[in-house]
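Structure at a glance
Take a look at the letters that make up each chain.
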Amino acid sequence: MQKNLNKKYKLFLFDLDGTLLDTAREFHLALNEVLKRESKPSQNFEKVRERVSDGAGALVTLGFNIDEQSIYFEEKRNSLLEAYKKVFLESKPFEGVEELISLFEKKRILWGIVTNKPKIFSAQIFKSLGWDKKAKILVCPDDVKNLRKPDPASLKYALRELKQLPKDTIYVGDNWRDLEAARNANITPVFAEYGYIKNKKFPLNKNGFNIKNIKEILAFT
């Protein structure tokens with residue numbers, strides 16, 4: 001896969017948390033609610049923000065200092081998700097996202113979302129923002145036997161459903177898992193620098209592209 005600045009793409013796939021949707025505030029509220037309930041020290045916003053794209057399990061590790069081997073891990077993760085259920089629909093799209101989607105509609109550009117977020121949350125967010133009437137597809141782990149990125153199963157599923165080729169597809173994400181999943185599916189990876197990872201920790205993306213603003217995607221249409 002060679003970098004081609006002039007290539008135009010037919011399908012644009014996006015990660016959700018940290019790419020299209022800013023969910024850091026809601027996860028911060030949910031985690032601190034659980035920590036307070038269990039008399040644990042609260043976590044500051046920036047620490048939570050940096051871990052959101054790694055999923056709920058990473059936030060459990062941050063807040064409780066335990067990993068997946070702990071017998072308490074799933075209990076804490078479930079408690080976090082229950083707290084998150086109260087606030088998850090309050091998340092807002094990043095600046096420029098709705099404008100980009102409107103431009104996609106005008107140009108009749110094919111786009112969709114491929115996320116590690118469970119469908120119980122993703123589908124409701126999708127509908128509440130009206131994206132279910134605009135995007136061509138929403139793929140969650142539930143659709144691919146709970147396989148999660150960096151496994152390419154969810155991206156390959158999207159390609160099959162939309163009858164598109166990897167070489168004509170871009171995948172935009174804010175985490176190393178997104179880039180790896182795209183490479184594993186032979187899709188061009190695009191890293192969102194405006195997401196949750198600080199610039200000193202940006203993952204290597206030598207065969208893809210980096211963007212500082214979501215609307216830079218228009219250069220590939």
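This text goes with the structure placed above it.
Residues numbered from 1 in each chain as written. Predicted model: local features only at pLDDT ≥ 70, side-chain atom pairs only at ≥ 80, totals over all residues. Heavy atoms only, no water.

Our next topic: the layout of surface pockets. Quantified by volume, the largest pocket comes out at close to 660 Å³. In terms of lining, the largest pocket is formed by 29 residues, of which the most central are D54, G55, A56, G57 and R148. Secondary-structure elements contributing two or more residues to the lining of the largest pocket are α3 (56-64), α4 (73-84) and α8 (176-184). Broken down by element, the residue count for the lining of the largest pocket peaks at five residues, all from α4. Among the residues making up the lining of the largest pocket, the classes are represented as nine nonpolar, seven polar and 13 charged. (1 Å grid on protein atoms, 1.4 Å probe; cavity = no way out; pocket = protein on both sides within 12 Å on 5 of 7 lines; lining within 4 Å. Points joined across faces, edges and corners; volume = space filled by probe spheres on them. Helix = DSSP H or I, 4+ residues; strand = E, 2+ residues; numbered from the N terminus. Nonpolar A, V, L, I, M, F, W, Y, C, P; charged D, E, K, R; others polar.)

For the structure shown, the criterion picks out 21 salt bridges. We note a salt bridge from E193 to K212, for which the minimum N-O separation is 2.8 Å. Remark: K212 occurs in the segment after β8 (209-211) and E193 occurs in the loop between β7 (188-192) and β8; sequence separation between them is 19 residues. Classification of K212 as exposed rests on a relative accessible area of 62%. Salt bridges linked by common partners bring K7, K167 and D168 together as one network. (Salt bridge = Lys/Arg side-chain N within 4 Å of Asp/Glu carboxyl O. Buried < 20%, exposed > 50% of the residue type's maximum accessible area, 1.4 Å probe, protein only.)

Turning to helix α6 (residues 119-128), a few remarks are in order. Within α6, the full set of buried residues consists of F121, S122, I125 and F126. Buried residues of α6, viewed axially, fall in a sector of 125°; they line one side. On the buried face of α6, the contacting elements are β2 (21-22), α4, β4 (110-114) and β5 (137-139). Looking one or two residues past α6, G130 carries a phi angle of roughly 80°, positive in sign. (Arc of directions from axis to C-beta. Contact = heavy atoms within 4.5 Å.)

Okay, α3 next. For an α-helix, the turn length of 3.6 residues means that residues three or four places apart are oriented alike. Counting buried residues in α3 gives eight out of nine residues, a clear majority hidden from the surface. Buried residues of α3: A56, G57, A58, L59, V60, L62, G63 and F64, and no others. Looking at the buried side of α3, the elements it contacts are α1 (24-37), α2 (45-51) and α4. Just past α3, the residue N65 takes up positive phi, approximately 55°.

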